[in-house]
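Listed below, chain by chain, are the residues.
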Amino acid sequence: MDYLFILLGITLCALFFLNMKSAANILCRIVGGFLFLIIYNTIAPMLSFPAVGINLVTASLCGILEIPGAILLIALTFLF
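Residues numbered from 1 in each chain as written. Predicted model: local features only at pLDDT ≥ 70, side-chain atom pairs only at ≥ 80, totals over all residues. Heavy atoms only, no water.

Draft legend 1. Representation of the pattern of salt bridges within the structure. Overall, the coordinates contain one salt bridge when judged by the stated rule. Among the salt bridges present, the one from Glu66 reaches Arg29, with a minimum N-O distance of 2.3 Å. Here the residue Glu66 occupies a position in helix H3 (residues 56-79), and Arg29 occupies one in helix H2 (residues 20-43), the gap between them amounting to 37 residues. (Salt bridge = Lys/Arg side-chain N within 4 Å of Asp/Glu carboxyl O. Helix = DSSP H or I, 4+ residues; strand = E, 2+ residues; numbered from the N terminus.)

Right, dumping it as structure tokens:
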């Protein structure tokens, strides 16, 4: 199992450094999604909307899918 983690780490580092622009773009989108969720959770109690949990998965979904991802997260909080 350790060899698998080492191989995966080497592969991810190589992909990151070979395609730095795409990796930076994805990381910036995730940070933007995280900031959107913080802003939404600040405003949501004032409008009596449910809060959305903020973690890596929700920030990634909101950042990579942008507006449809944010709408999906908010819709899921109303359904569940």
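Draft legend 2. Seen up close, the side chain of Ser60. Its location among the elements puts Ser60 in helix H3. Discounting residues that sit within four places of it in the chain, Ser60 has contacts with Ile30 and Leu65. (Contact = heavy atoms within 4.5 Å.)

Draft legend 3. View of the nonpolar core. Among the nonpolar cores identified, the biggest contains seven residues, and these are Leu37, Tyr40, Ala44, Val52, Cys62, Ala70 and Leu73. Mapped onto this core, the elements with two or more residues apiece are H2 and H3. The greatest single-element share of this core, amounting to three residues, is contributed by H3. In this structure, Ala70 is in contact with Phe36 and Cys62, ignoring residues within four places of it in sequence. (Core = buried A, V, L, I, M, F, W, Y, C linked by side-chain atoms within 4.5 Å. Buried < 20%, exposed > 50% of the residue type's maximum accessible area, 1.4 Å probe, protein only.)

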